[in-house]
Amino acid sequence: MENGNTYEFDLVTIGAGSGGTRASRFSAQHYGAKVAVVELPFGLVADNETGGAGGTCVIRGCVPKKLFVYGSQYSEEFRDAQGFGWQDESEHKFDWQTLVNKKTREITRLNQVYNKLLKDAGCERVEGKAKLIDRHTVEVALAGGGTRRLTTKHILLAQGGTPIRADVPGKEHAITSNEALSLPDLPKGPIAIVGAGYISLEFAGIWNGMGKEVHLIFRKSLPLVGFDEECRAQVADNMRGRGVHIYSETTPIKLDKKEDGTIDFYYQGKDGETKCLNCGLVLFGTGRKPIVHNMGLEEVGVKLDKHQAIKIDEFSRTSVDNIWSVGDVTMRMPLTPVAIMEGMAFAATCFGNRPTAPVHEKIASAVFVRPPLAACGLTEQQAQARLTGDIDIFVSKFKPMKNTLSGRDEKTLMKIIVKVDTDEVIGVHMVGEDAPEIMQGIAIAMKCNATKAQFDATVGIHPTAAEELVTMRQRARRIQGQGTGRGHEHGRMAG
């Protein structure tokens, strides 16, 4: 009962991805809220009528992608093994359909796990397409036909995002990450990938490892904008060394579908000339956009920002005080663990009487290229732009032990960034085997505001690559900060 009104639910969540599921479960289990969760029917390839509990990450994102990364790296292991005495006595053949079928079984299982998690938490699952009628009413076009109206004290918008294609003629002939993980077969011809972010580079590594000819095309001089520049350059070098054709400072012009099913991909290179590449497949990894239209959001007063993401305050509240939003639809930091964190903070704020703002600093992330990149904290460029005073940069670049026998000509890069006046470690970056696993542990230390002296006082595990992070004593350079931040301020990183 609120202002004389009785609602069917305390909370209706739109979207059963990682953020929506965690927020709903915590609201119900920990704070006793009556919760309904609206989600589209399960499907491997998302569209306006298909989604599924688990969301992008579980069904058509992080999880199946990582399974494909595992599948792709066996080819390098077979090659490297010869340097350790293993003779190549049999022909190793890769079967795409076997991997896709096993991936599908696992993703279907995980979707069922997510549905069970919601059920066991006491959340009601409503399958269909949601639209806001007013600030307390959600209408669902039910998957089985008909509609249902849910009245609720609070609404949580957690419907995520969807991939976009570059706006060029013939873009309909390209696929996105939605379809890439469920292709019936790999094309016979080369694969062109447009984009320089996580998705593009990870798929380039996957298909390269599966023996395909891969061409990676992007507009910038280096891939992975937002990561440390030295790491970006190292990733590009590693990909070239593994046979990926990289076209930097290159713009897609158009796609023409030919009678034989192949695609003529036209692009303009840094020399200004328009050229053509005949491909069996073109993937656009050119970003994602929030799912916000045709949902009644603006009609009830929910405001969007200039990127068409939902505007929220520090506690994830929208411009309508009983409507909240977490995850990729807000475009704060589109990572699955971040959405989960935001969901827990929302539940504590809305139903736990503990106003909790999600903290988006010192969050580790990884790009599962081969070998992977992982980072936590500020890049060298961010530190210089945001902070004041001296900043020390420690860098180590070396051939990992395994490569000394395998013969693989590939280096590991490690980098530590230190605020001199406080000795705080404000950034750690790595390109090399096991970087994501190593960085998760480093993130804990950084969350505790670890200093370089504490890193140096830590005894390493030998022989490992990770021990390099506690044995770097000689700085590579000292730079001068050009911003105003001091580093560790009020328990959070400046900037």
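Further up the page is the structure itself.
For the structure given in this document, a descriptive report is provided here. Per chain, the residues get numbers from 1 upward, laid out in the order the sequence is written. Residues qualify for local features only when their pLDDT is at least 70, as the model is predicted, and side-chain atom pairs are given and counted only at 80 or more; totals for whole chains, interfaces and linings, by contrast, use all residues. Here the side-chain values reflect all heavy atoms present in the structure, with hydrogen atoms and water set aside.

A closer look at the pattern of salt bridges
Filter applied, for reference: Salt-bridge detection follows one rule: a side-chain nitrogen of Lys or Arg within 4 Å of a carboxyl oxygen of Asp or Glu. Each helix corresponds to a stretch of at least 4 residues labelled H or I by DSSP, and each strand to a stretch of at least 2 residues labelled E; elements are numbered beginning at the N terminus. Relative accessible area decides the class of each residue, using a 1.4 Å probe on protein chains only: under 20% of the type maximum gives buried, over 50% gives exposed, and in between gives partly exposed.
What the rule picks out here adds up to 33 salt bridges. Here glutamate 342 makes a salt bridge to arginine 332, at a shortest N to O gap of 3.2 Å. In this pair, glutamate 342 is assigned in helix H9 (residues 336–351) and arginine 332 in the loop between strand E15 (323–325) and H9, connecting sequence segments 10 residues apart. When its relative accessible area of 1% is taken as the criterion, glutamate 342 is described as buried. Residue classification places arginine 332 among the partly exposed residues on the basis of a relative accessible area of 25%. Salt bridges sharing partners connect three or more residues here, namely Glu76, Arg242, Arg370, Glu410 and Glu433.

With respect to the sheet that holds strand E10 (residues 251–257)
Quick reminder of the rule: Should DSSP find at least two bridges between two strands, the strands are regarded as paired. Each axis is a line fitted through C-alpha atoms, and for a helix only the stretch in contact is used; angles between axes span 0 to 180 degrees, taken between their N-to-C directions.
In spatial order, the strands read E10-E11-E12; together these three strands make up an open sheet with antiparallel pairing. Only two strands of the sheet have a single partner each, and these edge strands are E10 and strand E12 (274–279). On average, adjacent strands in this sheet sit at an angle of 25 degrees to one another, irrespective of strand direction.

What about the packing of aromatic side chains?
Our working definition: Under the pairing criterion, centres of Phe, Tyr and Trp rings, with the six-membered ring standing for Trp, must be within 6.5 Å; the plane angle then separates stacked pairs below 30 degrees from edge-to-face pairs above 60, leaving the rest tilted.
Applying the stated criterion to the full structure yields eight aromatic pairs. Consider the rings of phenylalanine 68 and tryptophan 96, whose centres lie 5.2 Å apart with planes at 80 degrees: the pair is edge-to-face. Highlighted residues: phenylalanine 68 in helix H3 (residues 62–72) and tryptophan 96 in helix H5 (residues 96–120), separated in sequence by 28 residues. Relative to tyrosine 267, the ring of phenylalanine 265 has its centre 6.1 Å away and its plane inclined at 20 degrees; by these criteria the two rings are stacked. We note that phenylalanine 265, like tyrosine 267, is buried.

Examining the layout of surface pockets
Filter applied, for reference: For each structure, a 1 Å grid was placed over the protein atoms alone; sets of points admitting a 1.4 Å probe that cannot get out are labelled cavities, open sets with protein on both sides within 12 Å along at least five of seven lines are labelled pockets, and lining residues have an atom within 4 Å of a point. Grid points are joined across faces, edges and corners, and a volume is the space filled by probe spheres set on the points.
A volume near 650 Å³ is recorded for the second largest pocket. Together, 30 residues line the second largest pocket, and Tyr74, Ser75, Glu76, Phe78 and His92 are the ones closest to its centre. Mapped onto the lining of the second largest pocket, the elements with two or more residues apiece are H3, helix H4 (74–81) and helix H7 (198–209).

Observations regarding the environment of valine 214
Just so we agree on the cut-off: Any two residues whose heavy atoms approach within 4.5 Å are treated as being in contact.
Positionally, valine 214 belongs in strand E8 (residues 214–217). For valine 214, a relative accessible area of 0% puts it in the buried group. Beyond its immediate stretch of four places on either side in the chain, valine 214 contacts Ile191, Ile193, Ala204, Trp207, Asn208, Gly243, Val244 and His245.

Examining the environment of histidine 154
Just so we agree on the cut-off: For the purposes of these results, a polar contact is taken to be a pair of N or O atoms within 3.5 Å, where, inside protein, one atom must be able to donate a hydrogen and its partner to accept one; residues adjacent in sequence count only when each atom of the pair is a side-chain atom.
For histidine 154, the location among the structural elements is in strand E5 (residues 147–157). Looking at histidine 154, the relative accessible area reads 11%, which means it is buried. The residues contacting histidine 154, other than those within four sequence positions of it, are Asp10, Leu11, Val12, Asn322, Trp324, Cys350 and Phe351. A polar contact of 3.2 Å, which involves the side chain of histidine 154, links it to the side chain of tryptophan 324.

Topic: a nonpolar patch on the surface
Our working rule: Each patch is built from salt-bridge-free residues with over 30% relative accessible area, joining like charges within 9 Å and nonpolar side chains (Val, Leu, Ile, Met, Phe, Trp, Tyr) within 5 Å. Here the Shrake-Rupley method, with its probe set to 1.4 Å, supplies the accessible areas, and only the displayed protein chains count as covering residues.
A cluster of nonpolar side chains, namely Phe84, Trp86 and Leu405, defines an oily patch on the protein surface of about 380 Å² accessible area. Inspection of the secondary structure puts tryptophan 86 in the loop between H4 and H5.

Observations concerning the sheet that holds strand E9 (residues 245–247)
An order of E9-E8-E7-E13 is seen for the four strands of this open sheet, with the pairing classed as parallel. At either margin of the open sheet sits one strand with a lone partner, and together these are E9 and strand E13 (281–284). If you compare each strand with its neighbour and ignore which way they point, the axes differ by 15 degrees on average. Pairing analysis gives four bridges linking strand E7 (residues 191–194) to E13, with the strands arranged parallel. The residue bridging alanine 192 from the neighbouring strand is valine 282, located in E13.

Some thoughts on the side chain of arginine 370
In this fold, arginine 370 is placed in the loop between strand E16 (365–367) and strand E17 (373–377). Among the polar contacts listed, one links the side chain of arginine 370 to the side chain of glutamate 433, at a separation of 2.9 Å. Residue contacts for arginine 370: discarding those within four places in its chain leaves Val69, Gln73, Glu76, Asn238, Arg242 and Glu433.

Regarding the pairing of strand E19 (residues 412–419)
By the criterion of burial, E19 is predominantly enclosed, with eight of the eight residues buried. Because side chains alternate across E19, one face comprises the buried residues Thr412, Met414, Ile416 and Val418, and the other comprises Leu413, Lys415, Ile417 and Lys419, equally buried. Where strand E18 (residues 388–398) meets E19, eight bridges bridge the pair, whose relative direction is antiparallel. Opposite phenylalanine 394, over in E19, you have isoleucine 416 as the bridge partner. With seven bridges joining them, E19 and strand E20 (residues 424–431) adopt antiparallel strand pairing. Residue pairing for E20: isoleucine 416 is matched across the bridge by valine 428. As consecutive antiparallel partners, E19 and E20 are separated by four residues, and within that stretch aspartate 423 has a phi angle of approximately 70 degrees, a positive value.

Observations concerning helix H12 (residues 435–447)
The condition that has to hold: To estimate the expected span of a helix, subtract one from its residue number and multiply by 1.5 Å.
Along its 13 residues, H12 runs 18 Å from first to last C-alpha, staying within 8% of the 18 Å computed at 1.5 Å per residue. Lining the buried residues of H12 we find E16, E17, E20 and helix H13 (452–457). Asparagine 449 sits one or two residues past H12 and shows a positive phi near 60 degrees.

Side note on the packing of helix H1 (residues 18–29) against H5
In plain terms, the rule: Convention used here: angles under 35 degrees read as roughly parallel, angles over 145 as roughly antiparallel, angles from 65 to 115 as roughly perpendicular, and any remaining angle as oblique. The handedness criterion is simple: a crossing whose near helix is rotated anticlockwise from the far helix by less than a right angle is left-handed, and one whose near helix is rotated clockwise is right-handed. Residues are grouped as follows: Ala, Val, Leu, Ile, Met, Phe, Trp, Tyr, Cys and Pro are nonpolar; Asp, Glu, Lys and Arg are charged; all remaining types, including Gly, are polar.
The N-to-C vectors of H1 and H5 enclose an angle of 25 degrees; their axes lie 9 Å apart at closest approach. Classified by the angle between their axes, H1 and H5 sit roughly parallel to one another. Like other packed secondary-structure pairs, H1 and H5 cross with a definite hand, here left-handed. Between H1, through Ser18, Thr21, Ser24, Arg25 and Gln29, and H5, the contact on the second element is made entirely by Tyr114, Leu117, Leu118 and Asp120. In terms of residue class, the contact of H1 with H5 is made up of three nonpolar, four polar and two charged.

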